[in-house]
Amino acid sequence: MNRKNDRSYSREEIVVYLERELTYYEKIWELTKKQEETIQSGDIKKLGVLITEKENNVKDIKHLMKFNVKILDQISHHTSALLLDKTIKTLFRKKQSILIDLSNHDQKSIDLLISSIDDMRTRAGILGKRSRILKTLKMHQLRSPRFLDVVQ
């Protein structure tokens, strides 16, 4: 048997991996909180920057996972045994908590964006009506009303 393929990762290596993964999720969590504030303020440029930063952190997580497939495999196959370790259990709980909060906040952000878009559509509609009214008034000032315009 080849020892490299059968390598069993130590507790420390698993903890280091989980801690690195957790730091990325914490960064995403902080960006998500800022994202909600930015949506409320209406700063589109800052929102774009925050979303790009979140995407970069997600790419970093994927990259981390890609190069630690064997650790992830060991974690998935020995989860119950690993959860007996308090440090690993705490890291798993933190990760789970952050993921749940991220999901909830992202849904709130989506709802907030939808309501903002609806508000903008309403305002645009009102402005559109105003501009049509102003154009109509200008046209009536330029030419005298016809008999049909007066009757209607």
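Not measured: the values here are computed from a predicted model.

S.K.: Mind showing me how you'd approach the confidence of the model for the protein chain here?
M.R.: Parts of the model with low pLDDT should not have their predicted coordinates read in detail. Averaged over all residues, the pLDDT of the protein chain equals 82, while 81% of them reach at least 70. Predicted confidence in the protein chain is weakest over helix α6 (residues 147–151), with a mean pLDDT of 52, and strongest over helix α2 (residues 44–66), with 94.

S.K.: For this particular structure, what's the right way to read the nonpolar core?
M.R.: Side chains of a nonpolar character, in soluble globular proteins, are inclined to be buried together. In terms of nonpolar packing, the biggest core is built from 19 residues, with Ile14, Leu18 and Ile75 touching the most fellow members. Elements with a contribution of two residues or more to this core: α1 (11–41), α2, α3 (69–77) and α5 (86–142). It is α1 that provides the largest number of residues to this core, a total of 9 residues. Here leucine 18 is in contact with Ile75, Ile88, Leu91 and Phe92, once residues within four sequence places are set aside.

S.K.: Could you clarify how one ought to interpret the environment of serine 115 in this entry?
M.R.: Note that serine 115 resides in helix α5. Among the polar contacts made by the side chain of serine 115, one reaches the main-chain carbonyl oxygen of leucine 112 at a distance of 2.9 Å.

S.K.: Got a minute to help me understand the packing of α1 against α3 in this structure?
M.R.: With their axes 11 Å apart at the nearest point, α1 and α3 run at an angle of 105 degrees to one another. One finds that α1 runs roughly perpendicular with respect to α3. On the side of α1, the interface is formed by Glu13, Ile14, Tyr17 and Leu18, while α3 contributes Ile71, Leu72, Gln74 and Ile75. Tallied by class, the residues present in the contact of α1 with α3 amount to 6 nonpolar, 1 polar and 1 charged.

S.K.: Honestly, α2 in this entry has me stumped. Any pointers?
M.R.: An α-helical segment advances 3.6 residues per turn. Residues three or four places apart therefore align on the same side. An ideal rise of 1.5 Å per residue puts 33 Å on 23 residues; α2 measures up with 33 Å between its terminal C-alpha atoms. For α2, the complete set of buried residues consists of Leu47, Leu50, Lys54, Asn57, Ile61 and Leu64. Where α2 begins, the capping side chain belongs to aspartate 43, and its oxygen is found 3.5 Å from the backbone nitrogen of lysine 45.

S.K.: What should I look at first to understand the side chain of lysine 54 in this one?
M.R.: Its place among the elements puts lysine 54 in helix α2. Given the relative accessible area of 13%, lysine 54 is considered buried.

S.K.: Just to check I follow, could you spell out the environment of valine 49 for this structure?
M.R.: Following the sequence through the fold, valine 49 ends up in helix α2. Classification of valine 49 by relative accessible area gives partly exposed; the value is 47%. Each C-alpha atom, one on valine 49 and one on leucine 31, is 9.9 Å from the other, the two residues being 18 residues apart in sequence.

S.K.: Before we go on, may I ask you to explain the pattern of salt bridges in this structure?
M.R.: Side-chain pairs of opposite charge can arise where the charged atoms are in close proximity. This structure, assessed with the given rule, holds 5 salt bridges. Lysine 95 is paired through a salt bridge with glutamate 21; the nearest N and O atoms lie 3.1 Å apart. Of this pair, lysine 95 sits in helix α5 while glutamate 21 sits in helix α1; the two residues are 74 residues apart in sequence, bridging distant segments of the chain. Its salt-bridge partner being lysine 54, residue aspartate 106 comes within 3.1 Å of it at the nearest N-O pair.

S.K.: I keep staring at α1 and nothing clicks. Help me out?
M.R.: Given a rise of 1.5 Å per residue, 31 residues ought to cover 45 Å, and the 45 Å separating the end C-alpha atoms of α1 matches this to within 8%. After α1 finishes, the residue glycine 42 shows a positive phi value of roughly 85 degrees.

So, how was this worked out
Each chain carries its own residue numbering, running from 1 in the written order of its sequence. Per-residue local features of the predicted model are confined to residues with pLDDT of at least 70, and side-chain atom pairs are confined, for both listing and counting, to 80 or more; whole-chain, interface and lining totals are unaffected and use all residues. With hydrogens and water set aside, each side-chain value is computed from the structure's full complement of heavy atoms. A score from 0 to 100, pLDDT tells how confident the predictor is in each residue. Where helices and strands are cited, they refer to DSSP runs of H or I of at least four residues and of E of at least two residues respectively, numbered from the N terminus. Only buried residues count toward a nonpolar core, which is a set of Ala, Val, Leu, Ile, Met, Phe, Trp, Tyr and Cys residues joined through side-chain atoms within 4.5 Å. Only protein chains enter the area calculation, which uses a 1.4 Å probe; residues under 20% of their type maximum are buried, those over 50% are exposed, and those in between are partly exposed. Residues are treated as being in contact if the distance between any of their heavy atoms lies within 4.5 Å. In the analysis that follows, any N or O atom pair within 3.5 Å is treated as a polar contact, provided that within protein one partner can donate a hydrogen and the other can accept it, and provided that, for residues neighboring in sequence, both atoms belong to side chains. Axes here mean lines fitted to C-alpha atoms, for a helix over just the part in contact, with angles spanning 0 to 180 degrees between N-to-C directions. For classification, angles of less than 35 degrees are called roughly parallel, those exceeding 145 degrees roughly antiparallel, those between 65 and 115 degrees roughly perpendicular, and all remaining angles oblique. Any residue that is not Ala, Val, Leu, Ile, Met, Phe, Trp, Tyr, Cys, Pro, Asp, Glu, Lys or Arg is counted as polar, Gly included; the first ten are nonpolar and the last four charged. The span expected for a helix works out to 1.5 Å for each residue beyond the first. The rule for a salt bridge is simple: a side-chain nitrogen of Lys or Arg has to be within 4 Å of a carboxyl oxygen of Asp or Glu.

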